[in-house]
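Descriptive analysis of the structure
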Amino acid sequence: MEGIVEQATLQLMPHSKSPPKLKDVYIRPNITAGKTRSQGVLEAHMNGFRFTAYRGPTVDVLYNNIKHAFFQPCDNEMILVLHFHLKNPILLGKKKQQEIQFYTEVGEIATDLGHRHSMHDRDDLAAEQAERELRSKLNHAFDSFRKKVETLTSNRQQLEFDVPFRDLGFHGVPVRSSVLLQPTTHCLVHLTESPFFVITLDEIELVHFERVQFHLKNFDIVFVFKDYSRKVAMVSSVPMTSLDAVREWLDSCDIKYTEGIQSLNWAKIMKTINEDPDDFFENGGWSFLTMESSSDEGEQEDDEDGQQYEPSASGSGEDFQGSSSEDYDSMSEVDEESDYEGELGSDESEGKDWDELEKEAKDADFVKPGWELDDRIDDRKKSSRKRQSSSSQRSGNKRRK
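Residues numbered from 1 in each chain as written. Predicted model: local features only at pLDDT ≥ 70, side-chain atom pairs only at ≥ 80, totals over all residues. Heavy atoms only, no water.

**Some thoughts on the nonpolar core**
- Membership of the largest hydrophobic core comes to 32 residues, with the highest contact counts inside it found for Phe49, Phe51 and Phe161.
- The set of elements that each furnish at least two residues to this core consists of strand S1 (21-28), strand S2 (39-44), strand S3 (48-53), strand S4 (58-62), strand S5 (66-72), strand S6 (79-92), strand S7 (95-105) and helix H2 (124-152).
- If you tally residues by element for this core, the top one is S6, at 6 residues.
- Here Phe51 is in contact with Val25, Ile27, Ile31, Ser38, Gln39, Gly40, Val41, Leu42, Pro57, Thr58, Val59 and Phe102, once residues within four sequence places are set aside.
- Counting 24 residues, the second largest nonpolar core, distinct from the first, contains Leu188, Ile199, Leu243 and Trp249. (Core = buried A, V, L, I, M, F, W, Y, C linked by side-chain atoms within 4.5 Å. Buried < 20%, exposed > 50% of the residue type's maximum accessible area, 1.4 Å probe, protein only. Helix = DSSP H or I, 4+ residues; strand = E, 2+ residues; numbered from the N terminus. Contact = heavy atoms within 4.5 Å.)

As structure tokens, then:
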């Protein structure tokens, strides 16, 4: 099969020596058909490992085909892992596999122990204590196996196990779900769930951050390898709160990184580079990412300046309040003066003294709304008096006659 390199024969440990071994471990990917997991014994021999399933075939992994070996303790995890990232894939079943893992589930064993010791539910504190003891026991067993393997291979193919730094981990989506990615001395890995994720730091030429904007909650990380024929690796949906921690980690590893607000078409970019690498570097190489970062920062600064300038265009808050109060005071003063002048009238501007104004005011008092009514009453009184006088004259004339 294409891509499969034939391995040498495994050299077993002499019968006089007992090989280091781990019992009751599972292998991933599964080597048996169906959903039944393959459990067995892992042994370390002269030039490689041999996994012997209780029900199924054996699997040999040679030391010289292991590119990276990882030991992940079960602290804050439900499984304890020994993971091997291979240089060349091997054939398991009918598929090529480059990631081989041996693990033990801690939570499942802790539950079984609880039912084994008592017919009733155990006390919570006792259960937690039993789980802590089990975790410590399993960590010690796997760590002891790891140290024996490193001692065994010290004179030949030196095999060292990397331990992930959980404190430096950050969440992201390397394949299809959000997982915890943890740096090691030589790699960035995710080993808890399948599909596994392993990137060798020495093979990275550049890291680019996409969608880095202050109003977004997530950003993407693109890993560009020194081998331009390889497809770039991407981790999407990394929380923006992890940006500073990722920057510090890359700085500590001396890995160059750039930032931008846009998502780039990396398939097209890598195709252009592979067509003419010399022309790519003659025209500045990866400087276009730096230029994009600087232009993006400039645009963001312009946007911020524009947002700050908008209030001043219509007057800043303080300026607007100050000018409006001054305008209001001046307008009110003008209104008061105009009203005052209106009350005094235009006659004051002609220079009349107070006596003349007082006389005009008295004359104006005679002009009242009830003036016409008073005149009518006086007229009626006068007409009634005339009628009385005329009637008295008529009666006097009759008496004379």
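That shown, we press on.
**Section: the packing of aromatic side chains**
- Summed over all chains, the structure comprises 16 aromatic pairs.
- Ring geometry for Phe51 against Phe102: centres 5.4 Å apart, planes inclined by 40 degrees, an arrangement best described as tilted. A residue pair is termed long-range when its members are at least 10 positions apart, and Phe51 in strand S3 and Phe102 in strand S7 qualify at 51 residues.
- Chaining the aromatic ring pairs together yields one cluster made of Phe49, Phe51, Tyr63, Phe84, Phe102, Phe145 and Phe161.
- Sitting above the plane of the Tyr103 ring, Arg28 keeps its charged end 4.5 Å from the centroid.
- It is Arg37 that lies over the ring of Tyr26; its NZ or CZ is 4.1 Å from the centre. (Phe/Tyr/Trp six-rings, centres within 6.5 Å; stacked < 30°, edge-to-face > 60°. Lys NZ or Arg CZ within 6 Å of the ring centre and 35° of its normal.)

**As for the pairing of strand S11 (residues 187-190)**
- Burial along S11 is two-sided: Cys187 and Val189 and Leu188 and His190, pointing in opposite directions, are all buried.
- As judged from the 2 bridges shared by strand S10 (residues 179-183) and S11, these two strands associate in the antiparallel manner. Within the sheet, the bridge partner assigned to Pro183 lies in S11 and is Leu188.
- Hairpin connection, S10 to S11: the antiparallel pair is bridged by 3 residues.
- Taken together, the 4 bridges between S11 and strand S12 (residues 197-200) define a ladder with antiparallel strand orientation. Each bridged residue has a counterpart across the sheet, and for His190 the counterpart in S12 is Phe197.
- In this structure, the hairpin formed by S11 and S12 is closed by a connection of 6 residues. (Pairing = 2+ DSSP bridges.)

**Overview of the confidence of the model for the chain**
- Averaged over all residues, the pLDDT of the chain is 79; the fraction at 70 or higher stands at 69%.
- A low-confidence stretch, residues 109-115 (pLDDT under 50), is modelled with 7 contacts involving residues beyond four sequence positions or located in other chains.
- Long-range and interchain partners of residues 304-350, a stretch whose pLDDT sits below 50, account for 5 contacts in this model, where long-range means more than four residues apart. (pLDDT = per-residue confidence, 0-100.)

**Some remarks on helix H4 (residues 266-275)**
- Among all positions of H4, only Trp266, Ile269, Met270 and Ile273 are buried. Down the axis of H4, the buried side of the element spans an arc of 90 degrees, and every buried residue falls inside it. The outward face of H4, more than 90 degrees from its buried face, is lined by the exposed residues Ala267, Lys268, Lys271 and Glu275. (Arc of directions from axis to C-beta.)

**Points about the pairing of S4**
- By the bridge criterion, 5 bridges tie S3 to S4 in an arrangement that is antiparallel. Counterpart to Gly48 in the pairing with S4 is Leu62.

**Observations concerning a negative patch on the surface**
- There is a patch of like negative charges on the surface, built from Glu275, Asp276, Asp278, Asp279 and Glu282.
- When residues in the negative patch are grouped by element, the largest group, 3 residues, is from helix H5 (residues 277-282).
- By secondary structure assignment, the location of Asp279 is in helix H5.
- Given the relative accessible area of 35%, Asp279 is considered partly exposed. (Patch = residues over 30% accessible without salt bridge, like charges linked within 9 Å, V, L, I, M, F, W, Y side chains within 5 Å. Areas by Shrake-Rupley, 256 points an atom, 1.4 Å probe, with all protein chains shown as cover. Salt bridge = Lys/Arg side-chain N within 4 Å of Asp/Glu carboxyl O. Lys, Arg positive; Asp, Glu negative; His and termini not counted. Charge placed at Lys NZ, Arg CZ, Asp CG, Glu CD.)

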